[in-house]
Amino acid sequence: MAAEKSSILVVGGTGRLGRHVVAASARLGHPTFALVRDTSPSDPSKAALLKSFTDAGVTLLRGDLYDHTSLVSAVKLADIVISTVGLLQLPDQTKLVAAIIEAGNVKRFLPSEFGLDADRSDAVEPTRSMLLASKAAIRRAVEASGVPYTYVLVGSFFGFVLPSVGQVLARDPPVDRAFVLGSGDVKVMFAEEGDIGTYTVLAADDPRAENKTLHIRPPGNTMSHNEMLAIWEEKTGKKFERVHVDEDDVLKQIQEASIPMNLILSIGHATHIKGEQSKLEVDPATGVDSSELYPDVKYTTVDDYLNRLL
């Protein structure tokens, strides 16, 4: 008889990535809870999302990261807690850690990471202070708590970068020219949000990922910007000019831009010019590779996604 699957609570489950984590948890057979501020929102799109949750068997729990009582009550229902909160709430995950400690029943916590390695990235400002410092502080709080954890690192989300075919300085696919940070030859790792949800949930209950960093890096989705642009040219039958933006110009634009563009550019600088994703090795003492742990996951490829843009 198969063992009963661990129950999972997702905090931040209505966000851009969180909804995929919730869906994956339910699809993979876990009793799944989603903490939401309003179980009957007036916004039609939010209401439709919550209905999709309940249709999948997800239990909605009314609560808030800033309401300690509701947070503890929700945490007590789960074996595993996964946080997917956004940028502004990253530092406030200390409240979630406090609730987990008080509840005393959680066997694994996954804080909101899903980006550059908070302990090993050399990204410039404002990424350093706005993202990395907050995530590193939460890591230290989690480790001090003694609660088992898994940190999840991802390359570049499909939904953020592929609609522009990898361009950081444009929002739409290139027609006549493409803006390329640096040489365009640095390898970047891309992952689709639904696949990120699947790998995250699989690792959340996997003893091999306990107190480790999970690196989500589907092998077929590692390529340079130039390689991606070549794929797009082949699909569209059009050739376009590459406009290369050198490092000094990128750094200048970061200094001159305001939020969120300076943040986007500084992440782009770390990814496309410094090559932080491709240079980051998986240390077997502290990390595991999603593709090695779960080789049977049929992930979405960059090629699959680009076909949707045609």
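The structure presented is a predicted model; accordingly, all values stated were derived computationally and were not measured.

Things to note about the side chain of E193
Then, number 1: Locating E193 in the fold gives a position in helix 7 (residues 193-204).
Then, number 2: Buried E193, no salt bridge; nearest opposite-charge side chain is R16, N-O distance 4.4 Å.
Then, number 3: Setting aside anything within four residues of it in sequence, one finds E193 in contact with R16, L17, H20, F157, F158, G159 and F160.

Some remarks on the sheet that holds strand 4 (residues 80-83)
Then, number 1: A sheet is described by the order of its strands in space; here 5 strands give the open sequence 3-2-1-4-5, paired in parallel fashion. Both edges of this open sheet fall to strand 3 (59-62) and strand 5 (108-110), since each of them pairs with a single strand only. Adjacent strand axes in the sheet meet at a mean angle of 20 degrees, parallel and antiparallel pairs treated alike.
Then, number 2: The pairing of strand 4 with strand 5 spans 3 bridges and is classified as parallel. Looking at the pairing, I80 lines up with R108 of strand 5.

Concerning the sheet that holds strand 9 (residues 187-191)
Then, number 1: Here we have 3 strands laid out as an open sheet, ordered 7-9-11, and mixed in their pairing. Both outer strands of the open sheet, strand 7 (156-157) and strand 11 (222-224), are each paired with one neighbouring strand and no more.
Then, number 2: Note that strand 9 and strand 11 share 3 bridges and pair antiparallel. Bridged to K187 within strand 11 is S224.
Then, number 3: In this fold helix 8 (residues 225-236) packs onto strand 9 and strand 11, with an angle of close to 90 degrees to the strand it touches most, strand 11.

Things to note about the UniProt feature "domain: NmrA-like" (unreviewed entry) in the protein
Then, number 1: As annotated by UniProt and renumbered to match this structure, "domain: NmrA-like" (unreviewed entry) occupies residues 4-306.
Then, number 2: From the first C-alpha to the last, residues 4-306 spans 39 Å; its make-up is 41% helix and 17% strand.

Reading the values: rules and limits
Residues numbered from 1 in each chain as written. Predicted model: local features only at pLDDT ≥ 70, side-chain atom pairs only at ≥ 80, totals over all residues. Heavy atoms only, no water. Helix = DSSP H or I, 4+ residues; strand = E, 2+ residues; numbered from the N terminus. Buried < 20%, exposed > 50% of the residue type's maximum accessible area, 1.4 Å probe, protein only. Lys, Arg positive; Asp, Glu negative; His and termini not counted. Salt bridge = Lys/Arg side-chain N within 4 Å of Asp/Glu carboxyl O. Contact = heavy atoms within 4.5 Å. Pairing = 2+ DSSP bridges. Axes fitted to C-alpha atoms, helices over the stretch in contact; angles between N-to-C directions. UniProt positions renumbered as here; feature names shortened; annotations may be inferred.

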